[in-house]
Amino acid sequence: MSELKKRILKLLSVKSIVTVTLVAVFSVLALTDRVTPDQFMTIFSTVIAFYFGTQTMKDGGSGD
């Protein structure tokens, strides 16, 4: 049970909240046709790449 609590607490970090919020906002904008699919994919890819890139660096991952 403590492992579950640790994972939930990690999700509450500022970086995770910002990432989830950005994805939600741009998803809504894309669904309401305020952002083109190309713009959405560019922004979404950048945010996700940054998020997972910093996760890899934080974990000391070598990518293997």
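Cut-offs used in this document
Residues numbered from 1 in each chain as written. Predicted model: local features only at pLDDT ≥ 70, side-chain atom pairs only at ≥ 80, totals over all residues. Heavy atoms only, no water. Helix = DSSP H or I, 4+ residues; strand = E, 2+ residues; numbered from the N terminus. Phe/Tyr/Trp six-rings, centres within 6.5 Å; stacked < 30°, edge-to-face > 60°. Buried < 20%, exposed > 50% of the residue type's maximum accessible area, 1.4 Å probe, protein only.

Enquirer: Explain unusual backbone geometry to me, and be specific about the residues and the numbers.
Expert: Most peptide bonds take the trans form, and the phi angle of most residues other than glycine is negative. One non-glycine residue, aspartate 33, lies in positive phi territory at about 60°. Topologically, aspartate 33 is positioned in the loop between α2 (14-31) and α3 (37-58).

Enquirer: Mind laying out the packing of aromatic side chains, listing which residues take part and the relevant values?
Expert: The full count for this structure, using the stated rule, is 1 aromatic pair. Relative to phenylalanine 44, the ring of phenylalanine 40 lies with its centre 5.5 Å away and its plane at 15°, an arrangement referred to as stacked. In this pair, phenylalanine 40 and phenylalanine 44 both sit in helix α3, 4 residues apart, roughly one turn of the helix. Taking the relative accessible area as the measure of exposure, phenylalanine 44 reaches 29% and is therefore partly exposed.

Enquirer: Break down the environment of threonine 54 for me, citing the residues and quoting the values.
Expert: Its location among the elements puts threonine 54 in helix α3. As a C-alpha pair, threonine 54 and lysine 15 span 39 residues in sequence and 9.6 Å in three-dimensional space.

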